[in-house]
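# Secondary and tertiary structure notes
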Amino acid sequence: MLNIIETNKKVHFEYTKEIGQVLMNALSFSVALQTKDYSTFSPEVLEQMKKDPEWLHDITNWLQVTIVNSLMQSDNYDSIDEVVSEFNCLLSLYDVARQREFTPSENQLFLNIHDKFLALLLTDDELITNLLEVE
């Protein structure tokens, strides 16, 4: 895993909170689909799931595809398998954190991958525009 990222694009730090929440929602929704544990979901999300039973599956799929595509376009990965492998590692660590406290090495690995993803997502103008509807 390459821990150095390279970009010539502007990093939109002003959207760190919002894009960080999108990334964490993708992790939370993905793990919840597997575990069926919705205890951390907001009332709004639970209501949406009640209205449309396929919503969680659909939004999770869309978030995963959107994030992976954005990361691939950053030119920091050689293959989609490399992105998916890191995303799966992040998902596994997120699931571990739901069950127990991280060890120091697990915490460091989670932060390394999370922060790398977040920084690269913050360089994707199209992603930011589409997700946050900013101009």
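Residues numbered from 1 in each chain as written. Predicted model: local features only at pLDDT ≥ 70, side-chain atom pairs only at ≥ 80, totals over all residues. Heavy atoms only, no water.

The next thing to look at is the packing of helix H4 (residues 80–99) against helix H5 (residues 104–121). It is the contact of H4 with H5, at a shortest axis distance of 10 Å, that shows an interaxial angle of 130°. Here H4 is positioned oblique relative to H5, judged by the angle of their axes. In terms of crossing hand, the pair formed by H4 and H5 is left-handed. Contact with H4, carried on its side by Val83, Glu86, Phe87, Cys89, Leu90, Leu93, Tyr94 and Val96, involves Glu106, Leu109, Phe110, Ile113, His114, Lys116 and Phe117 of H5 and no other residues of that element. The residue inventory of the contact of H4 with H5, partitioned by class, reads 11 nonpolar, 1 polar and 3 charged. (Axes fitted to C-alpha atoms, helices over the stretch in contact; angles between N-to-C directions. Helix = DSSP H or I, 4+ residues; strand = E, 2+ residues; numbered from the N terminus. Parallel < 35°, antiparallel > 145°, perpendicular 65-115°, else oblique. Left-handed = near helix turned anticlockwise from the far one by under 90°. Contact = heavy atoms within 4.5 Å. Nonpolar A, V, L, I, M, F, W, Y, C, P; charged D, E, K, R; others polar.)

Below, the discussion takes up the layout of surface pockets. In this approach the atoms are scanned with a rolling probe the size of a water molecule, which exposes any empty space left behind. Taken as a whole, the largest pocket holds about 150 Å³ of empty space. Ser30, Val31, Leu33, Gln34, Thr35, His57, Thr60, Asn61, Gln64, Leu91 and Asp95 are the residues that line the largest pocket. If you list the elements that add at least two residues to the lining of the largest pocket, you get helix H1 (16–35), helix H3 (55–73) and H4. With 5 residues, H1 is the largest single contributor of residues to the lining of the largest pocket. Looking at the lining of the largest pocket, its residues break down into 3 nonpolar, 7 polar and 1 charged. (1 Å grid on protein atoms, 1.4 Å probe; cavity = no way out; pocket = protein on both sides within 12 Å on 5 of 7 lines; lining within 4 Å. Points joined across faces, edges and corners; volume = space filled by probe spheres on them.)

Enumeration according to the criterion identifies 4 salt bridges in this entry. A salt bridge links Arg98 to Asp37, with the shortest nitrogen-to-oxygen separation between them at 2.7 Å. Separated by 61 residues along the polypeptide, Arg98 in helix H4 and Asp37 in the loop between H1 and helix H2 (43–51) bring together distant segments of the chain. Across the pair Glu86 and Lys116 runs a salt bridge, and its minimum N-O distance is 3.1 Å. With Glu86 in helix H4 and Lys116 in helix H5, this pair connects stretches of sequence that are 30 residues apart. The class for Lys116 is buried, based on a relative accessible area of 7%. Because the salt bridges share partners, they merge into one network encompassing Asp37, Asp95 and Arg98. (Salt bridge = Lys/Arg side-chain N within 4 Å of Asp/Glu carboxyl O. Buried < 20%, exposed > 50% of the residue type's maximum accessible area, 1.4 Å probe, protein only.)

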